[in-house]
Amino acid sequence: MLAYNKDKLDALMNRTMVEEAADLGLISETETASILVRYPSPFFSPRAIVRIGLGIATMIAVSTFFSLILLISGFNMGDYFIQFLYGTAVFVVLEFMIRNKSHFRSGIDDLLLYQGFGTIMAGMYSLFERTSDPYLVITAMITLAAIAATIRYADRLMAGLALIVFMVFTGYLLKKINLDLYFYLPQVMLVIAIACWFVAAKLVTKPNLRHYSHCFEFLMILSLIIAGLVSNYYVISEAWYDSFPGKEFTPFWKYFFIATTVLVPLITMITGFYQKDKKRIRVGSFMVVAAVMTFHYYFTSTPTEVLCIIYGSLLLLICYWLLKHHKPKENGISFTEKQDSAALYEIESMLIGAGVGMITPDHSGSRFGGGSFGGAGSGGSY
Amino acid sequence: MMPSFFEYLYEQGLLSEASIEKIRQKQSDKTISLFWDLRLVLYAGVLLLTGGLGVLIYKNIDHIGHLAIIGAMAVTSLFCYSFALKRMNPFSWNEVKSPGVVFDYVLLLGSILMVTLIGYIQYQYRIFGTEWKLATFIPMLILFYTAYFFDHQGLLSMAIVNLAAWLGITINEKVFTHTNQLNDKETLITAALLGAALILFSWLSRISKRKAHFQTLYHQFGTHLYFISSFIALFIFSPNYYPWVLVYLAGSIYHYIKSVKDHSYYYMVITMIYTYGCISFIVVDRIDKLSTIHYDLKDKLVFAYFTFSSIALIFLLIRQNKIFRKHAGLQ
């Protein structure tokens, strides 16, 4: 089923472990070099920056060649025949690159997959757009095709796409069955997201599915984000209920969503800390921020700038307290650097430069600055 | 990490006793580090606090009074600097380790407040008269000084942005999203010169061994500013863009040599992508100016060019990647 050779993938995993150990300073440079020479990479799988470069070049090549074919052949861009044909040709090239050139996450295979998939799905849209329920059919097709692509190419974005489009498909399905049922889509999405998280959490530990573990991990994060969104009172009230004029929250659902706004982030964060799951802690932290903002939106009239000062000071004090009093050995969480991360420091410094920027009075003397700077809260017009 | 593979490597004699011991320890240590998360929270805290203060002051300027605002900002800024002075490790021209994450962000908070304070005083009391550029120049000098004195790359980044501002260029995320303010000829020339100067600073930092670790940051800003301004200049100076092609290609050659010398995949890739942009501009412009052929054929030529040139770029990147790996002894 998997397009990539499993033994080669195992060999690559071993090399990755050695590289990780070297990054953490657990093994010396000489040892790393001799191990990597002894176990050469079975795939062409370059580092991230080369992957990005190859991805950009592949994207240009695939899309401009398609445009060239359209220009020469005189076909219309929306013609499903040419879209299917070209998409299939892209997949043939993808299979060739994997089997004969041993590409694995090289940037070329990634982009060939996305563009081939996108072209075929566009063809699918052209084919079904005039049927009675085009979106129901198309979303069902995309879900199935994305699942198939995930199984074949173990790609996390395809797995994520399958989940998102499945949610959209569910919406169209509910709408078709009964419009009143469609009203409960957020609740259905919450159930799907939670179910998806549990299934992915179960499958990620299976040794025979180890080559898909990154897909399951991605699905777990994505389902948490979706659960956080569809359980938030603000999102439900403003983005969903408002699109149904005349419909209102029943008291039960009102209190249900108020409860989930609090509980989903807290459960995510607490279980994340308990199980020492960094990703869950991060997603949970963002959910907590969203929950706090939601409650301020509905229940307080404190001005935003005062809230910024309060929460900014609070965050600084909490961090200071954690650094001063927290003992890592007690609960398995530390705030010390675990590996050499010069590149991350560099990115952080550039973010500070871009985010804080300069605080400069402008030459005209009007207002307080030259616009587009951060810091001191001054934005465009200050 | 699966321990069995490392045990196998140890049995094969590829790992020393000390290394396998470290790996075993790591396997048994289940502690997770939230170091970068904490830094992110601190950054958010500083941004929220300074942002909130800025808006609060702006909205209540008539009620609070200028002197109270200036006093509060000055006291907080001085408190932050004195905290940093007390905690800092002794100054050295070599890299000095930060005493801790709180130190980094308290210093950042103090510096933001100091720069804001100078801007505020200039706006309110015109301490530099009508010399508005001085109000950018002085904070810039202070930022450079504090960045070097406390060995703080975040402040250096702010100082570079202020240097650009002093020269009339705005560097922020908008430069990368669209060509913010980089659309007049003088600004473009200044930006390209500043890019080259920053690359020169980077080189000087390295050879003089004065905070040599700052070289990467100077180079990052310099490289992108140089290439982005040169690329936009091709459009703005069109049809007389040929001198800019020379400027652009000189940058490409320099960066290519640097990438080979430092075995830097990063510079190799960005050099190729930026150079590809320049060459493509010239080719498309030449095709567009062909008066003897029909526009329909011109379109086909442009698409054919992009198809084949991007395939050539793929081969070039793969080849260069192979060469780099060979030099690193990995193949």
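Calculation rules
- Residues numbered from 1 in each chain as written.
- Chains lettered and ligands numbered in written order.
- Predicted model: local features only at pLDDT ≥ 70, side-chain atom pairs only at ≥ 80, totals over all residues.
- Heavy atoms only, no water.
- Core = buried A, V, L, I, M, F, W, Y, C linked by side-chain atoms within 4.5 Å.
- Buried < 20%, exposed > 50% of the residue type's maximum accessible area, 1.4 Å probe, protein only.
- Contact = heavy atoms within 4.5 Å.
- Axes fitted to C-alpha atoms, helices over the stretch in contact; angles between N-to-C directions.
- Helix = DSSP H or I, 4+ residues; strand = E, 2+ residues; numbered from the N terminus.
- Parallel < 35°, antiparallel > 145°, perpendicular 65-115°, else oblique.
- Left-handed = near helix turned anticlockwise from the far one by under 90°.
- Nonpolar A, V, L, I, M, F, W, Y, C, P; charged D, E, K, R; others polar.
- 1 Å grid on protein atoms, 1.4 Å probe; cavity = no way out; pocket = protein on both sides within 12 Å on 5 of 7 lines; lining within 4 Å.
- Points joined across faces, edges and corners; volume = space filled by probe spheres on them.
- Expected span 1.5 Å × (residues − 1).
- Disulfide = S-S within 2.5 Å.
- Salt bridge = Lys/Arg side-chain N within 4 Å of Asp/Glu carboxyl O.

Let us now look at the nonpolar core. A:Leu54, A:Phe117, A:Tyr153, A:Leu163 and B:Met268 are the most contacted members of the largest nonpolar core, which has 86 residues in total. Leaving out residues up to four positions away in the same chain, A:Leu163 has contacts with A:Ile192, A:Cys196, A:Leu219, A:Leu222, A:Ser223 and A:Ile226. B:Ile69, B:Tyr120, B:Leu155 and B:Leu198 belong to the second-largest nonpolar core, a separate cluster that totals 62 residues.

Once that is clear, we can look at the packing of helix α11 (residues 215–236) of chain B against helix α12 (residues 242–262) of chain B. Any two packed helices are characterised by how steeply their axes cross, that is the angle between the axes, and by the distance between the axes. Residue and element names in this part refer to chain B. Close contact between α11 and α12 brings their axes to 9 Å; oriented N to C, the two are set at 150 degrees. It follows that α11 is roughly antiparallel to α12 by the angle criterion. Every pair of crossing elements has a handedness; the one defined by α11 and α12 is left-handed. Across the interface between the two elements, His219, Thr223, Tyr226, Phe227, Ser230, Phe231, Ala233 and Leu234 of α11 pack against Trp244, Val245, Val247, Tyr248, Ala250, Gly251, Ser252, Tyr254, His255 and Lys258 of α12. Among the residues forming the contact of α11 with α12, the class breakdown is eleven nonpolar, six polar and one charged.

Attention now goes to unusual backbone geometry. At the junction of B:Ser238 and B:Pro239, the peptide bond is cis and its omega measures out at 10 degrees in the coordinates. Within the secondary structure layout, B:Pro239 lies in the loop between α11 and α12. Here A:Lys276, not a glycine, exhibits a phi torsion of approximately 50 degrees, which is positive. What makes A:Lys276 partly exposed here is its relative accessible area of 30%. A positive phi is found at B:Asp151, a non-glycine position, where the angle reads about 55 degrees. Residue position: B:Asp151 is located in the loop between α7 (134–150) and α8 (153–166).

Residue and element names in this part refer to chain B. Throughout the structure, instances matching the rule amount to one cavity of 30 Å³ or more. Quantified by volume, the largest cavity comes out at close to 60 Å³. What lines the largest cavity is Met88, Asn89, Pro90, Phe91, Val96, Lys97, Ser98, Pro99, Phe103, Phe149, Phe150 and Asp151. Tallied by class, residues from the lining of the largest cavity come to eight nonpolar, two polar and two charged.

This paragraph deals with helix α9 (residues 185–203) of chain A. Helix length check: α9(A) (19 residues) gives 26 Å between terminal C-alpha atoms against 27 Å at 1.5 Å per residue, within 8%. The elements touched by buried residues of α9(A) are α7 (156–177), α8 (179–182), α10 (213–230), α11 (233–240), α12 (251–274) and α13 (278–299) of chain A.

The next point concerns the state of the cysteines. Cysteine pairs can be covalently joined through their sulfur atoms, and such a bond is termed a disulfide. Summed over all chains, the structure comprises zero disulfides over all chains. A:Cys196 forms no disulfide, and the closest cysteine sulfur to it belongs to A:Cys215, at a distance of 12 Å. A residue is classified by how much of its surface remains accessible, and A:Cys196, at 15% relative accessible area, is buried. B:Cys80 carries a free sulfur, and the closest cysteine sulfur to it, the one in A:Cys319, is 15 Å from it.

Our focus in this paragraph is the pattern of salt bridges. The full count for this structure, using the stated rule, is 17 salt bridges over all chains. Residues A:Glu95 and A:Arg152 are paired through a salt bridge, measuring 2.8 Å at the closest nitrogen-oxygen approach. You can see A:Glu95 sitting in helix α4 (residues 80–99) and its partner A:Arg152 sitting in helix α6 (residues 134–153), a full 57 residues away along the chain. Classification of A:Glu95 by relative accessible area gives buried; the value is 16%. With a shortest N-O distance of 2.9 Å, B:Asp151 and B:Lys211 are connected by a salt bridge. Placement of B:Asp151 in the loop between α7 and α8 and of B:Lys211 in the loop between α10 (185–208) and α11 is noted, with a sequence separation of 60 residues between them. In this structure, B:Asp151 and B:Lys211 share a single accessibility class: buried. Members of the salt-bridge network, linked through shared partners, are A:Glu95, A:Arg99 and A:Arg152.

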